Amino acid sequence: MVQTLIIVGGQWGDEGKGKIVDFLTEKADVIVRFAGGNNAGHTVVVGEKTYKFHLIPSGIIHKGKLNIISNGTVLDPDVLVSEIKTLENMDFDIGKSLIISSSAHTILEKHRVEDNPEKNPESKKIGTTGRGIGPCYKDKIARTGIRMGDYVTKNTASAQKLRPLIQDTYIIIDTAYKKGKKILFEGAQGTLLDIDHGTYPYVTSSNPTAGGALTGSGFGPTKIDSVIGIFKAYITRVGEGPFPTELGTYNQTKNEDSIYDLKKELSDEAFTRLNRKVTSAANNDDEYSQGRLLRMQGFEYGTTTGRPRRTGWFDAVAAKYAIAINGLSSLVITKVDVLNHLKEIKICIGYEVDGKKLDHFPLDTEQQEKAKPIYTSMPGWDDDITQITSFKDLPKNAQDYLEKIEEICKVPISIVSVGPKRSQTIIKDKETLL
Ligand code: IMP
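These numbers were taken from a predicted model, which means no experiment stands behind them. (Residues numbered from 1 in each chain as written. Predicted model: local features only at pLDDT ≥ 70, side-chain atom pairs only at ≥ 80, totals over all residues. Heavy atoms only, no water.)

(A) Up close: the overall build of the chain. The helix and strand tally for the chain stands at 17 helices and 20 strands. For 434 residues, the compact-globule formula gives about 22 Å, and the C-alpha radius of gyration of the chain, at 21 Å, lands near that figure. On the principal axes, the C-alpha backbone points of the chain span a range of 60 × 50 × 50 Å. When burial is assessed residue by residue, the chain has 58% of its 434 residues classed as buried. For the chain, long-range pairs separated by at least 24 residues make up 74% of all intrachain contacts whose partners lie at least 6 apart in sequence. Summed over all atoms, the accessible surface of the chain reaches about 18200 Å², with 49% contributed by carbon and sulfur. (Helix = DSSP H or I, 4+ residues; strand = E, 2+ residues; numbered from the N terminus. Rg over C-alpha atoms; globule rule 2.2 N^0.38 Å. Buried < 20%, exposed > 50% of the residue type's maximum accessible area, 1.4 Å probe, protein only. Contact = heavy atoms within 4.5 Å. Areas by Shrake-Rupley, 256 points an atom, 1.4 Å probe, with all protein chains shown as cover.)

As structure tokens, then:
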């Protein structure tokens, strides 16, 4: 058990961090969101209720916890105010549970205009979320940005609403630490989207990695006890950029009907028939259908933009890179249930680039684009695992699959998630957790 814990996404974001943060928040006193802005989106399911947030830490729905949005973030005041109002309407006492750093940067109208992918070829090329994230960070680095402490001196409704929440947050975090409080640093996006360590230029403009938790909050590295990385049991990516284990092509994914449209257009029976057809093609070695099945079973459509996500097999080369960059203490593997009913499951253990074998993640964009996956193959399972609560009760093949990931990555798995609810969480090893 630890006092301070950083949670980062180990892939290209959307690893299911929201659910895991929510799960671990039960044990935390303070939750700190340290990078990014409303390009992120997390869904948390509690009982029968589903909550969607872009900026506010997932910890907010636990009463009695302190939630901090720290200096590394970029904040769109209108979005922030709207999330606060939604929560207030649900009787959450925001004044007692949310603090915003005076040095977080403000996303302004000009940033949103500059980031519009319809008008800006650069944003289109990267496939940004169009929320003004990159332009805001650009102003921060050019030292021309507006920090929240200055923004709230303005005489607008949003500024007035946010003013009472603004503080110098590093002191609050440090004081909590000295009092022995448990602190959880909640990452957004993922390692491969990091501005320094990701698949540049197809990245976001912040550091979602463990280092970003430190600079993004003003908390020193010697005070961190554990860093855990969240990985899906497969991998997804939204937007453009290299993707060695992609199943099917990006164009096939883009042209696909979204699951929401399909559910609207098709009767329940027709939808089940389609699902069966895709499963059968997937189990007949059709790669695009394997990717489509992951998308359909995993509801892989963006929380922020609704775009269908590109899907692929678990990439252990990229995972080992994430382990190195973040110094991961343990791995959390989410959405393992999405693999139910697959005959065969693959793990990428190396790349081939220009006929040469590569066992590490290359930083050169061209090599990343050329990388062809080398797979090891594991037998799948046909059982529904969504109600299983202990590791030893998982089907043998599911246990073997997860243990294979541990063996390749040489880092233990602490948590396995088999569904979106808090109850669908299996703790495998507590040592690195709060
Ligand atoms: P930006 O962060 O809006 O500038 O987008 C840059 C890239 O990061 C695009 O490819 C986005 O799709 C991706 N991205 C940003 N935030 C997320 C996220 O929360 N999940 C997954 N991808 C993201």
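More follows now that the structure is in view.
(B) Structural detail: the domain arrangement of the chain. Considered domain by domain, the chain is made up of domain 1 (4–231) and domain 2 (250–311). Here the C-alpha centroids of domain 1 and domain 2 sit 30 Å apart. Between domain 1 and domain 2 the total buried area reaches about 600 Å² when both faces are included, carbon and sulfur atoms providing 45% of it. Taken together, the links from domain 1 to domain 2 amount to 1 salt bridge. With its nearest N and O atoms 3.3 Å apart, the salt bridge here joins Arg-309 to Asp-14. At the surface where domain 1 touches domain 2, the tally comes to 1 residue pair in polar contact (both at pLDDT 80 or more). Among the residues making up the side of domain 1 that touches domain 2, the classes are represented as 1 nonpolar, 8 polar and 3 charged. (Domains from an automatic or database assignment. Buried area = accessible area lost by both parts, 1.4 Å probe. Salt bridge = Lys/Arg side-chain N within 4 Å of Asp/Glu carboxyl O. Polar contact = N/O pair within 3.5 Å; in protein donor to acceptor, adjacent residues only side chain to side chain. Nonpolar A, V, L, I, M, F, W, Y, C, P; charged D, E, K, R; others polar.)

(C) Fine view of the pattern of salt bridges. This structure, assessed with the given rule, holds 24 salt bridges. Between Lys-335 and Glu-300 there is a salt bridge, with the nearest N and O atoms lying 2.9 Å from each other. Here the residue Lys-335 occupies a position in the loop between β15 (330–334) and β16 (344–353), and Glu-300 occupies one in the loop between α14 (287–297) and β13 (310–312), the gap between them amounting to 35 residues. The class for Glu-300 is buried, based on a relative accessible area of 0%. One connected set of salt bridges, linked through shared partners, spans Asp-14, Lys-232, Glu-300, Arg-309 and Lys-335.

(D) Here's a closer look at the sheet that holds β15. Spatially, 10 strands are ordered β9-β7-β5-β2-β10-β1-β11-β15-β19-β20 in an open sheet, and the strand pairing comes out mixed. The open sheet terminates on both sides in strands that have one partner only, identified here as β9 (166–167) and β20 (425–427). In the sheet, strand β11 (residues 226–232) pairs with β15 via 5 bridges, with the strands oriented parallel. By the bridge assignment, Ile-228 is partnered in β15 with Ser-330. Its contacts with the sheet place helix α17 (residues 396–409) against β15 and β19 (413–417), and it is angled at close to 145 degrees to β15. (Pairing = 2+ DSSP bridges. Axes fitted to C-alpha atoms, helices over the stretch in contact; angles between N-to-C directions.)

(E) A look at the pairing of β11. The buried fraction of β11 amounts to 7 of the 7 residues, a majority that puts the element mostly inside the structure. Burial along β11 is two-sided: Ser-226, Ile-228, Ile-230 and Lys-232 facing one way and Val-227, Gly-229 and Phe-231 facing the other are all buried.

(F) Molecular detail of unusual backbone geometry. Looking along the chain, the bond that leaves Tyr-200 and enters Pro-201 is cis, with omega of 5 degrees. In this structure, Pro-201 sits in the loop between β10 (183–186) and α10 (210–215). A positive phi angle, near 65 degrees, is found at Arg-143, a position not held by glycine. With respect to the secondary-structure elements, Arg-143 resides in the loop between α6 (133–141) and α7 (148–151).

(G) How the structure looks around the site of the ligand. Surrounding the ligand, one finds 15 residues, the nearest of these being Asp-14, Asn-39, Thr-129, Gln-189 and Thr-204. Within the side chain of Asn-39, one N or O atom sits 2.9 Å away from an oxygen atom of the ligand. Thr-204 is positioned such that a nitrogen or oxygen atom in its side chain is 2.6 Å from an oxygen atom of the ligand. Taken by itself the ligand offers 470 Å² of open surface, and the protein chains cover 96% of this. Among the residues making up the shell around the ligand, the classes are represented as 6 nonpolar, 7 polar and 2 charged. (Near = heavy atom within 4 Å.)

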